[in-house]
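Single-letter residue listing:
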Amino acid sequence: MMYRSILISAAALALMAGSVSAQASCGAPLGSKGGVLSKMPHLKLSPSEAAPQGSDSIVGMWKDNWIIGGNVVVTSIATWHSDGTEFDNVDLPPTVGNICQGVWESKGRKVTEHHFGWTFDTSANPTGYFTLEQNVKLSKDGQTYSGPFDQKYYDNDGNLLNEYNGETQAERF
């Protein structure tokens, strides 16, 4: 019985991995994923936990939707750190690259980020990398941010493969 469960689990994982784009990683457009944000648990953090630097700062943890053509393509848990670094955990399988990181700077409520990550094929072989540039604006109450992004995908030799533009919309945990 246990052997059968292991086989069924392995088959499900293989099927899921086989259906993911060869460029899937930390923000790759995979089609509409409407409703993903509502499936995430609502954490009840204190104001000092949610916004440790105050509501005028992007520092903290966020639920972040990346939108292309009006469709949510991925949702991430983004953590912006006071040292100018940012970390994302995207709702994709780890085998296709669901962890990425970036650096950021702010000028008031406007934040610019430079983000980098690896790309993989469906067999978890490295296929290249991507860059992501975001220019977001923090809301007056410090509970949301939004703004445009530009994401470029490169192969292992640094040749540009694809470019996507869209909007990011986030709310603070």
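Residues numbered from 1 in each chain as written. Predicted model: local features only at pLDDT ≥ 70, side-chain atom pairs only at ≥ 80, totals over all residues. Heavy atoms only, no water.

## A look at the environment of Asp88
Next, step 1: Looking at the secondary structure, you find Asp88 in strand 3 (residues 85–90).
Next, step 2: The buried category is assigned to Asp88, whose relative accessible area is 0%.
Next, step 3: Distance in space between the C-alpha atoms of Asp88 and Ala78 is 4.4 Å, their sequence separation being 10 residues.
Next, step 4: In this structure the side chain of Asp88 is engaged in a polar contact, spanning 2.9 Å, whose partner is the side chain of Ser76. (Helix = DSSP H or I, 4+ residues; strand = E, 2+ residues; numbered from the N terminus. Buried < 20%, exposed > 50% of the residue type's maximum accessible area, 1.4 Å probe, protein only. Polar contact = N/O pair within 3.5 Å; in protein donor to acceptor, adjacent residues only side chain to side chain.)

## Remarks on unusual backbone geometry
Next, step 1: In this model, Ala124 sits at a positive phi of 70°, which is unusual for a non-glycine residue.
Next, step 2: Here Ala124 is to be found in the loop between strand 5 (110–120) and strand 6 (126–138).

## A closer look at the pairing of strand 6
The side chains of a regular strand alternate, first on one face of the sheet and then on the other.
Next, step 1: In this sheet, strand 6 lies alongside strand 5 in antiparallel orientation, the contact comprising 11 bridges. Looking at the pairing, His115 lines up with Leu132 of strand 6.
Next, step 2: Where strand 5 folds back on strand 6, the antiparallel hairpin that results is connected by 5 residues, among which Ala124 adopts a positive phi of roughly 70°.
Next, step 3: Note that strand 6 and strand 7 (residues 144–155) share 9 bridges and pair antiparallel. Bridge pairing in strand 7 links Phe130 to Tyr153. (Pairing = 2+ DSSP bridges.)

## Things to note about the confidence of the model for the protein chain
Next, step 1: On average, the protein chain scores 78 in pLDDT, and the residues at 70 or more come to 68%.
Next, step 2: Predicted confidence is poor over residues 1–24, with pLDDT under 50, and the contacts of this stretch with residues over four places away or in other chains come to 20 contacts. (pLDDT = per-residue confidence, 0-100. Contact = heavy atoms within 4.5 Å.)

## Concerning the packing of aromatic side chains
Next, step 1: Enumeration according to the criterion identifies 7 aromatic pairs in this entry.
Next, step 2: For the pair Tyr153 and Tyr164, a centre-to-centre distance of 5.8 Å together with 80° between the ring planes defines the contact as edge-to-face. In this pair, Tyr153 sits in strand 7 while Tyr164 sits in strand 8 (residues 160–172), placing the two residues 11 residues apart along the sequence.
Next, step 3: Given the relative accessible area of 25%, Tyr164 is considered partly exposed. (Phe/Tyr/Trp six-rings, centres within 6.5 Å; stacked < 30°, edge-to-face > 60°.)

## Some thoughts on the pairing of strand 1 (residues 60–68)
Next, step 1: Across the 9 residues that make up strand 1, a large majority, 8, are buried.
Next, step 2: Between the antiparallel neighbours strand 1 and strand 2 (residues 71–80) lie 2 residues, among them Gly69 with a positive phi of about 60°.
Next, step 3: The pairing of strand 1 with strand 8 spans 6 bridges and is antiparallel. Counted as the bridge partner of Lys63 is Glu171 from strand 8.

## Some words on the sheet that holds strand 1
Next, step 1: Around the barrel, 8 strands lie side by side as 1-2-3-4-5-6-7-8; this closed barrel has antiparallel pairing. On average, adjacent strands in this sheet sit at an angle of 30° to one another, irrespective of strand direction.
Next, step 2: Alignment of strand 2 against strand 3, held across 5 bridges, turns out to be antiparallel. Each residue of the ladder has a partner; that of Ile77, found in strand 3, is Asn89. (Axes fitted to C-alpha atoms, helices over the stretch in contact; angles between N-to-C directions.)

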